[in-house]
Amino acid sequence: MNIVNKITLRQLKQNKRRTLVTIIGVIISVAMVTAVAVLATSFQDFMKQVTIASDGEWHVEYANTPANQLPTIQEDEQTDELVVTNDLGYAEFDGAERESKPYLFFKEMNEAGFDLFPVQLTEGRLPQSSGEVLINENILADTKTDLGIGTTFTVDIGQRVALNSEQPLGQETSIQYEDKKALEKLKPKQTKTFTVVGTMESTIWERSWSPGYTILHYLDPSTLNEGDKVNSIAKVNNVNSSIYDNAEHLAEQTGAEEIHYHDSLLRYYGVTDHSNLKKTFFSLIVILMLIIMIGSISLIYNAFAISVSERSKHLGMLSSIGATKRQKRNSVFFEGGVIGAISIPIGILSGIAGIAATFMFINPIIQEVANVDQKLSVVVTPISLVSAVVVSAVTILISSYLPARKASKLTAMDAIRQTQDVKLTGKAVKTSKLVRKMFGMEAEIGLKNLKRNKKRYKATVFSLVISIILFLTVSFFTDNIKKSLELTQADINYDIKLSGFEDVSADDIKPYTQLEGVTASTFIRTIYLSASVEEKKVPEVVKDYKQRPLDNGKYSYSVNLYAMDDESFRKYAGEIGKKTDDMIEADQPSAILVNEITYNDQSSGRVIETEGILTNVNETLTLHSIRGETEQKGLGEIEIAALTDQLPMGITSTSRPGGVDLITSEQMLETFLSNQKPEHARNTLYLNSSDPMKTQEAIEEIKPSHIRAYNVEQSRQQQERMLLFMSVFTYGFIALISAISIANIFNTISTSIAIRKREFAMLKSVGMTPKGFNKMINYESIFYGFKALIYGLPISIACMGAIYVSLRHTFTYGFALPWISILYVIIAIFIIVGSTMLYSIRKIKKQNIIEGLRQENL
Amino acid sequence: MSILEINGLSKSYGTGETAVKALDNVSFSVEKGEFIAIIGPSGSGKSTLLHLLGGVDRPSEGNVMVDHTDIYQLNETQLAIFRRRQIGLIYQFYNLIPVLTVEENMTLPLLLDQHAVDHQQFHDIVEALGLTGRLHHLPNQLSGGQQQRVSIGRALISNPALMLADEPTGNLDSKNSNEIIELLKMFNKTLNQTLIVITHDEQIALQADRVLSIEDGRIAKDEVIRP
Ligand SMILES: Nc1ncnc2c1ncn2[C@@H]1O[C@H](COP(=O)(O)OP(=O)(O)OP(=O)(O)O)[C@@H](O)[C@H]1O
Ligand SMILES: [Mg+2]
């Protein structure tokens, strides 16, 4: 080792405390960089697992492949496993009880299909030979058919087609009918006999609106005929961007008609081109890494700059006896190398350990929140490791570059002059007389020190400012998301909501009010209608919004008509101060108009409050079904009994121009409809319970699959976990960044004080008292704190403003400064600076003056 | 009347094998207004003695009485104020504050005491020290001799009762050197200041009232030249 490096090493050892703080700072930043990289790969892997669990582990689908070509695909190098599948079609379901699900839907797959697609067996076993099927367990739950395990049944299977166009229909299209007349039919093609060997949970081939219950049949590819066409779906060996070319090549070779890629899975391998996700994901990671780098660079740079100015005497001496520029410069890079060699491995290990610990903590939360069984597990790829090392090394290199250049320029003269950090201008530093008057001479000396040591002072203020900005903006962001979540729940005063589509009748859900624990309930029937309104009754904003009237000069409004059970209606009417006695019994149906709308105007970004319709009590509204553009399909007139701006519980306002909400009672709705059947209706039951979770369980046990139960308590808990989950990451991030900043502040302040040992001894020798000494240090701390806040707070507020503006659409409320966080920051800054100062000064205060004067440097 | 009484003063550095006894049981007393020169070979303990007299170091044994007060019995604050008002210390290695200008360095003891600076006196001293035109420079912009003169100015500015100078002319040419000594002597005579100077210069030593020779941490000779 050359002498220059030897001196460097010795110096690092001598300044143990500073070296240690620097190493810890670098370890933290390496750990954070590693954590971000590992987090990225782990999340990627997690999303892969989740996608595989929900959509199946496949990559390419060759639609309509000729059966005789299957071996070509099967034996292709890239193919790992091949699913052969075929949609057999629909059969009438004799025992069907729901209007929206009158069919059985048959699909067949080979063994690989049952393996790669998420088929959740609930009872029995998987089919193993031709003729064996698995049925959706809802068939047994929803109906009284006896399709239990072991049953053999025969059905006519065919295609669902639209009546007018003969267009084939699939599971994505709900049952087609109008006014109780079917708009589709079944064209039987073949008769088949199956044996039920097991039941399964509802599959991914079945939506809540799908018209057929799924039945999965075992397909033995050897039984296929020459001319048959099937879908073949491949799981690929090694996913990379070559799968596109290869798939196209194979399709051409085999004559498959179409290729579908599993984009939602492939994007987590980073191979899809047409996905913004990659970009968003990548830029998020880059931003995080940049933030960490800024924090770390300011720390490491400071550490090196300090060490160079300390070593300036040695370096100058060395240069006077012939050390080259290069040798001097390299000594700084050598220092960086030593620090890096120690910190990077430790940092990487602790980053991985930190992430592992975090995952352990958040896995239960994420499983609950995302409702998945998959776990986040630490996935370390060579790329993530290499990028962590590279980012860390670059950080150290950038940080040491300037100090190294400075070191290379140090001459023997600088060594003799020593205090070259002090600005070499005779220009008087202006310190106001006020400072001396108010705080005494000691404060003035402190201030002069700061001002003449500009570089070090700026570095300290910079690191303080960065910490302030990071802390405030991140906490502003989390605060706001928290607030949004809370707001969405603020008005909810029910515990459980039961709802369903048109085929859930009032009689279906009303029995649930009898469940144990239910204390109150509201039944609401919602009908979606429209109304034409004369021009003179339409407010200007609505006219602007609608742009032009209908042909007849009127404006079309969408109307949500809510019919509450009579008792709840009475209560609601009472709340808004309306007597209902003469209303409910009257021949003329009437309703309460919720006539105030509040909405966020997208073009101006302002929240606008306006009346929905310019109308009065006792006037009428003509309502008609949505499909009827003309008034021929009119359902009738409804009288406005009262105007209000208050909605009943459970109902959220439509709040948009050209839309109004009408509230009426069940009885009046009957009068109004007088046996006409509206097309879009929905029944909802709101329940209050003394034990929501228990009631929920009771509901789950008896409810059929088409009734949806939404438990407020449960979702509230879920959202709280979601918040907790986010807080773990954001506050973890804030804490670590703050730790780097604190290490930085500690390093700068304590070194700048250590360097001034001589000066302090000198001041003492001319008679500065311990009290005066404290005064000087306190003043310096306060000055640092103020300066940092003066820059930090406005910049932070500007950042918050920018966040608010860019996320305006997510935030449904005004901009508010996070005063509490600001207060924390102010207190924390003074505490951190003050305690570091006190810590550093403690030893110096006790030191013997002569010893202090003998100090060369440290 | 003796202003200074030193009894059994000892100072050692380190412990065990490497222990160095820089001062070994030194006793003497000094009358108010006396001019004493301390001479002795390098490393004999001169600076150590002077620092102990100035209240900036701590003795291992013995005490230093200034005006019948044992200065090492004072607490930190009292000692600091004592140094500020009673002592003018000129260091062998100047010890100026790098961030303060020449003017600020020189007036520092007054400023710490919140005393107004007597401008007439300040300018007299500046002129006598030949520092006019350098007042707004920082210490590292000055030559070694200039820095030494600033540190002399700093010691003079508060009219201390006890002036302690550690080779104040070590870096100066003979002309400058004579002027400085004359300045110190003038303060010594006109203000009845007690002056103790360490010097290797025989010319200077001969101008003193009394010469103390130090060898190996002990007073080897105590000669009164003019009573
Ligand atoms: N901090 C210290 N640690 C150890 N030994 C010390 C220390 N300070 C001084 N000494 C020793 O004490 C002795 C007296 O030192 P001092 O500085 O008083 O000598 P001096 O007479 O002023 O010499 P010079 O004429 O060279 O200035 C010397 O031998 C020196 O090595
Ligand atoms: Mg000496």
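Every value quoted in this text rests on a predicted model; they were computed, and no experiment measured them.

Focus on the pairing of strand E10 (residues 218-224) of chain B
All names here are of chain B. Bridging between strand E9 (residues 210-215) and E10 involves six bridges; their strand directions are antiparallel. Note that in E10 the partner of Ser213 across the bridge is Lys221. What sits between E9 and E10 in their antiparallel hairpin is a turn of two residues, with Asp216 showing a positive phi close to 50°.

Digging into the sheet that holds E10 of chain B
Residue and element names in this part refer to chain B. The six strands lie next to each other as E6-E7-E8-E3-E9-E10, forming an open sheet whose pairing is mixed. Among the strands making up the open sheet, the edge pair consists of strand E6 (87-90) and E10. Going across the sheet, the axis of each strand differs from the next one's by a mean of 15°, ignoring polarity. Across the face of the sheet, helix H1 (residues 46-53) comes into contact with strand E3 (35-39), E6, strand E7 (162-166), strand E8 (194-198) and E9 while running at roughly 155° to E7. Docked against the sheet, helix H6 (residues 174-190) engages E3, E6, E7 and E8, running at close to 155° with respect to E8.

Remarks on the UniProt feature "transmembrane region" (unreviewed entry) in chain A
Residue and element names in this part refer to chain A. Within this numbering scheme, the UniProt entry marks residues 20-40, 281-304, 332-362, 382-404, 457-477, 722-746, 788-807 and 819-841 as carrying the feature "transmembrane region" (unreviewed entry). Taken end to end, residues 382-404 comprises 100% helix and 0% strand; its first and last C-alpha atoms sit 31 Å apart. What you have in residues 457-477 is 100% helix and 0% strand, and the ends, taken at the C-alpha atoms, are 30 Å apart.

So, the sheet that holds strand E5 (residues 69-70) of chain B
Residue and element names in this part refer to chain B. One open sheet accounts for four strands, arranged E2-E1-E4-E5; its pairing is antiparallel. Among the strands making up the open sheet, the edge pair consists of strand E2 (20-31) and E5. Relative to E5, strand E4 (residues 61-66) runs antiparallel, the two being bridged by two bridges. Bridge pairing in E5 links Met65 to Asp70. On top of the sheet, H1 reaches strand E1 (2-13), E2 and E4; it is set at about 125° to E1, its chief contact.

Details of the nonpolar core
Judged by nonpolar contacts, the single largest core of 81 residues is most densely connected at Phe760 of chain A together with Leu4, Leu108 and Ile196 of chain B. The element contributing the most residues to this core is helix H22 (residues 770-806) of chain A, with 12 residues. Contact partners of Leu108 of chain B, with chain neighbours within four places excluded, come to Met441, Ile445, Leu763 and Val766 of chain A together with Ile97 and Leu100 of chain B. If you look at the next biggest cluster of nonpolar residues, it comprises 34 residues, including Tyr94, Leu110, Ile204 and Ala205 of chain B.

Overview of the pairing of strand E22 (residues 659-665) of chain A
Residue and element names in this part refer to chain A. Burial runs high along E22: seven of the seven residues are buried. Burial of the side chains of E22 extends over both faces: Gly659, Asp661, Ile663 and Ser665 are buried on one face and Val660, Leu662 and Thr664 on the other. Where strand E16 (residues 555-564) meets E22, seven bridges bridge the pair, whose relative direction is parallel. Note on E22: the bridge partner recorded for Tyr562 is Ile663. In the sheet, strand E17 (residues 590-594) pairs with E22 via three bridges, with the strands oriented antiparallel. In the strand pairing of E22, Ile592 is matched with Ile663.

Description of helix H2 (residues 16-55) of chain A
Residues and elements named next belong to chain A. The terminal C-alpha atoms of H2, which comprises 40 residues, lie 56 Å apart, in line with the 58 Å expected from a rise of 1.5 Å per residue. Of all 40 residues that make up H2, 29 are buried, and the element is covered over most of its length. Immediately beyond the C-terminal end of H2, within one or two residues, lies Gly56, with a positive phi of roughly 100°.

Let's talk about the packing of aromatic side chains
All names here are of chain A. Counted by the stated rule, this structure contains 12 aromatic pairs over all chains. Taken together, Tyr90, Tyr103 and Phe105 form an aromatic cluster joined through their ring pairs. Across the ring face of Tyr269, the terminal group of Lys48 is positioned such that the distance to the ring centre comes to 4.0 Å. Between Arg160 and the ring centre of Tyr90, over which it is positioned, the NZ or CZ distance is 5.4 Å.

A word on the interface of chain A and chain B
Facing the 31 residues of chain A at the interface are 33 residues of chain B. Where chain A touches chain B, the interface holds zero salt bridges. Connecting chain A to chain B are four residue pairs in polar contact (both at pLDDT 80 or more). Counting only elements with at least two residues in the side of chain A that touches chain B, the list comes to helix H12 (433-452), helix H21 (757-765) and helix H24 (849-854) of chain A. Broken down by element, the side of chain A that touches chain B gets its largest block of residues, eight residues, from H12 of chain A. Tallied by class, residues from the side of chain A that touches chain B come to 12 nonpolar, 10 polar and nine charged.

The rules behind the values
- Residues numbered from 1 in each chain as written.
- Chains lettered and ligands numbered in written order.
- Predicted model: local features only at pLDDT ≥ 70, side-chain atom pairs only at ≥ 80, totals over all residues.
- Heavy atoms only, no water.
- Pairing = 2+ DSSP bridges.
- Helix = DSSP H or I, 4+ residues; strand = E, 2+ residues; numbered from the N terminus.
- Axes fitted to C-alpha atoms, helices over the stretch in contact; angles between N-to-C directions.
- Contact = heavy atoms within 4.5 Å.
- UniProt positions renumbered as here; feature names shortened; annotations may be inferred.
- Core = buried A, V, L, I, M, F, W, Y, C linked by side-chain atoms within 4.5 Å.
- Buried < 20%, exposed > 50% of the residue type's maximum accessible area, 1.4 Å probe, protein only.
- Expected span 1.5 Å × (residues − 1).
- Phe/Tyr/Trp six-rings, centres within 6.5 Å; stacked < 30°, edge-to-face > 60°.
- Lys NZ or Arg CZ within 6 Å of the ring centre and 35° of its normal.
- Salt bridge = Lys/Arg side-chain N within 4 Å of Asp/Glu carboxyl O.
- Polar contact = N/O pair within 3.5 Å; in protein donor to acceptor, adjacent residues only side chain to side chain.
- Nonpolar A, V, L, I, M, F, W, Y, C, P; charged D, E, K, R; others polar.

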